[in-house]
Amino acid sequence: MNRTKGDEEEYWNSSKFKAFTFDDEDDELSQLKESKRAVNSLRDFVDDDDEDDLERVSWTGEPVGRRTRPGSFQSLSDALSDTPAKSYAPELGRPKGEYRDYSNDWSLSDTVRRLRKGKVCSLERFRSLQDKIQLLEEAVSMHDGNVITAVLIFLKRTLSKEILFRELEVRQVALRHLIHFLKEIGDQKLLLDLFRFLDRTEELALSHYREHLNIQDPEKRKEFLKTCIGLPFSAEDSAHIQDHYTLLERQIIIEANDRHLELAGQTEVFRKHPRKASILNMPLVTTLFYSCFYHYTEAEGTFSSPVNLKKTFKIPDKQYVLTALAARAKLRAWHDVDALFTTKNWLGYTKKRAPIGFHRVVEILHKNSAPVQILQEYVNLVEDVDTKLNLATKFKCHDVVIDTCRDLKDRQQLLAYRSKVDKGSAEEEKIDALLNSSQIRWKN
């Protein structure tokens, strides 16, 4: 959409617009990566190694968003006033009260230096294309982003877009500043025209994809995302766009079904735990948590089944287990928690296994007020002895501390722990019995 002069002034006066710097990564790629993390959060830890592949521009010089110096202009209209600046020192030979306009005496360098200092300065006298391009090149040579952008706004207003694009195509520094500025003020139409002119198809696709953020209606947003699937993204990004579309498609189905169940009032989990928000447009991990909370026991063939989500979006075991544990522990469904970590080998023997580590299991269970008996069971499964003792002490799993000290034959630590249990309690009696036992060969 076209922006007015007032919109461009808002760019400079509003804190919501961030500054371009010469070290910025490609903004659209960064935003898509954020979208990918939200829509398809499939890693335990965010892996930013691939961001090293993004183009970096290493220039010295002041960034666009440098602090305004005393006496500098506070808005773009102050700097680019259409009214030529006047000197208020009367000239010899002129009647008192008459003033001369000195703006036409300034060279290109003088004009740019005045802009850099934030002084009032008209650019209207630069009428020819040659003068305007020389003005831009002088601004670029100053390495001052504010000045470059100020001149670009003047060129945007006074040149046709075809001429502007043609001139910027061979001036990459100025081009990057214009792209950043158009993104910040949301001039998607001109930005798309620019990318088409430059034949930058992937950036064109990213800009088109970004428009989904402005579509509030879920069905319309879904249909828009469908149009993005065939655009010229990289192979990796294409997969994430497909996932985004598939996820929203699922969410629309789940939302309609669950709203019906909630209104009917016949499903226990919705009666006891009314939904606080819609699932529409939520990230994948949030959708998985929701599914584990409200639809944990559903068959794999249903769209709302957690197992179905796991397979469809290739969610790793760690992410799935962590999310399912948080959801079932919040519901205090301890039997589901137990089943989540119980595995059978080919001989039929069962054992507990936690891909996220039992220390994390203990922390999550405690956060959800699990009974001490359940906490003790999982603290005992922590392999590292020091970690086990620390967790057992922290969460007052007395039996685990006592038994571990006994196994370590650490009489001093057991004696010190005696002061932390209640007097006359079963735990104190157990400690005393061990301390007085002649069958234990203590190491200290």
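Read on for a plain summary of the structure. Predicted model only: the values in this text are computed from it and were never measured.

**Notes on the packing of aromatic side chains**
- Tallying each qualifying case throughout the model produces 9 aromatic pairs.
- Between the aromatic rings of F270 and Y294, the centroid separation amounts to 4.7 Å while the plane-to-plane angle is 5°, which identifies the pairing as stacked. Pair noted here: F270 is in helix α13 (residues 268-272) and Y294 is in helix α14 (residues 284-294), with a separation of 24 residues, a long-range link.
- What makes F270 buried here is its relative accessible area of 5%.
- A residue is classified by how much of its surface remains accessible, and Y294, at 13% relative accessible area, is buried.
- When the centroid spacing of 4.9 Å and the interplanar angle of 65° are considered together, the rings of F293 and Y294 count as edge-to-face.

**What about the side chain of S304?**
- As for its position among the elements, S304 is in the loop between α14 and α15 (306-312).
- Of note is the side chain of S304, whose polar atom sits 2.5 Å from the side chain of E298.

**Looking at the packing of helix α11 (residues 218-228) against helix α12 (residues 235-264)**
- Across the interface, α11 lies against α12 with an axial gap of 9 Å and an inter-helix angle of 155°. One way to sum up the angle between α11 and α12 is to call them roughly antiparallel. Relative to α12, α11 is oriented so that their crossing is left-handed. Two secondary-structure elements touch here, α11 through P218, E219, R221, K222, L225, K226 and C228 and α12 through I241, H244, Y245, L248, E249 and I252.
- Classifying every residue of the contact of α11 with α12 by side-chain character gives 7 nonpolar, 1 polar and 5 charged.

**A few points about a nonpolar patch on the surface**
- A cluster of nonpolar side chains, namely W346, L347 and Y349, defines an oily patch on the protein surface of about 470 Å² accessible area.
- If you trace the backbone, Y349 turns up in the loop between β1 (342-344) and β2 (350-352).
- Relative accessible area serves as the criterion here: at 55%, Y349 is assigned to the exposed category.

Cut-offs applied
- Residues numbered from 1 in each chain as written.
- Predicted model: local features only at pLDDT ≥ 70, side-chain atom pairs only at ≥ 80, totals over all residues.
- Heavy atoms only, no water.
- Phe/Tyr/Trp six-rings, centres within 6.5 Å; stacked < 30°, edge-to-face > 60°.
- Helix = DSSP H or I, 4+ residues; strand = E, 2+ residues; numbered from the N terminus.
- Buried < 20%, exposed > 50% of the residue type's maximum accessible area, 1.4 Å probe, protein only.
- Polar contact = N/O pair within 3.5 Å; in protein donor to acceptor, adjacent residues only side chain to side chain.
- Axes fitted to C-alpha atoms, helices over the stretch in contact; angles between N-to-C directions.
- Parallel < 35°, antiparallel > 145°, perpendicular 65-115°, else oblique.
- Left-handed = near helix turned anticlockwise from the far one by under 90°.
- Contact = heavy atoms within 4.5 Å.
- Nonpolar A, V, L, I, M, F, W, Y, C, P; charged D, E, K, R; others polar.
- Patch = residues over 30% accessible without salt bridge, like charges linked within 9 Å, V, L, I, M, F, W, Y side chains within 5 Å.
- Areas by Shrake-Rupley, 256 points an atom, 1.4 Å probe, with all protein chains shown as cover.
- Salt bridge = Lys/Arg side-chain N within 4 Å of Asp/Glu carboxyl O.

Shape descriptors only; they carry no functional weight alone.
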